[in-house]
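# Working through the structure, step by step
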Amino acid sequence: MAFFKKNKNETGGLPDNLPGHIAFIMDGNGRWAKKRAMPRRFGHREGAKNFRRIARYCKDIGIKNISFYAFSTENWKRPKDEVEAIIELFREYIVDVRNYIGEEVRVLFLGDKSIFDEDLQKKMNDLEEDTKDNREMTMLLAINYGGRAENFKLFDMAVRICRILFYRRFMA
């Protein structure tokens, strides 16, 4: 099944007035795994699977904008192997989603990308560029966000995105 492929059976019975934007805070994956006597990295992998399911479902039912608060500046304080596991999942996502660029989902990254290695920064920038004209859904991924300065950056980015969405809706 394609990453964002529509499954009509999953959309029945929904109200006509769905929200235009839904945000998700990706939290608790490590605790979920720990409760099951599994390593925290297992919880993060399962959380990534849920992320994919949620993104697909939102697109299926017609949600136009989704945000995932995926990796805050606080996450850097976790054990090194856990951080590496999360970053590896992030790399896998970027590779995976590139297979579905034709499905009209725009991907934008919010937060400070500069802390990531050059290869990952390039992949994020390339994905944003390659999906910039997609119109069916916009997915915002907040990464390396937090603290006052970063919140101002996120706010500025949100304003820019609102302008883009306004233009698409009313001016195009």
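All of the points below concern the structure found in this document. (Residues numbered from 1 in each chain as written. Predicted model: local features only at pLDDT ≥ 70, side-chain atom pairs only at ≥ 80, totals over all residues. Heavy atoms only, no water.)

## Observations regarding the sheet that holds strand β4 (residues 137-145)
Short version of the rule: Between any two strands, at least two bridges found by DSSP are needed for them to pair. Secondary structure elements follow DSSP: runs of H or I no shorter than four residues count as helices, runs of E no shorter than two count as strands, and numbering proceeds from the N terminus. The angle between two axes is taken between their N-to-C directions and runs from 0 to 180 degrees, where each axis is a line fitted to C-alpha atoms and a helix contributes only its stretch in contact. Residues count as neighbours in contact if any of their non-hydrogen atoms are within 4.5 Å of one another.
Strand order in this open sheet of four strands is β1-β2-β4-β3, and the pairing throughout is parallel. Strands at the two margins of the open sheet, each flanked by one partner only, are β1 (21-25) and β3 (105-110). Strand-to-strand twist in this sheet, taken as the mean axis angle between neighbours without regard to direction, amounts to 20°. Lying over the sheet, helix α4 (residues 118-131) contacts β3 and β4, oriented at roughly 145° with respect to β3.

## A short note on the nonpolar core
This is how it is decided: What we call a nonpolar core is a set of buried Ala, Val, Leu, Ile, Met, Phe, Trp, Tyr and Cys residues that are connected through their side-chain atoms within 4.5 Å. Burial status follows relative accessibility: with a 1.4 Å probe on protein chains alone, a residue under 20% of its type maximum counts as buried, one over 50% as exposed, and anything between as partly exposed.
If you look at the biggest cluster of nonpolar residues, it comprises 26 residues, and the most contacted ones within it are I66, Y93, I94, F109, M124, M139 and L141. Grouped together as the second largest cluster of nonpolar side chains are seven residues, A142, Y145, M157 and I161 included.

## Thoughts on the packing of aromatic side chains
Put simply, the rule reads: The rule is short: rings of Phe, Tyr and Trp, with Trp giving its six-membered ring, pair when the centres are within 6.5 Å, and they are stacked under 30 degrees, edge-to-face over 60, tilted in between.
On inspection of all chains with the given rule, the structure shows nine aromatic pairs. Ring plane angle 55° and centroid distance 6.4 Å describe the contact between F71 and F116, whose orientation is recorded as tilted. With F71 in strand β2 (residues 65-72) and F116 in the loop between β3 and α4, the pair connects residues that are 45 residues apart, well separated along the chain. For F116, a relative accessible area of 5% translates into the label buried.

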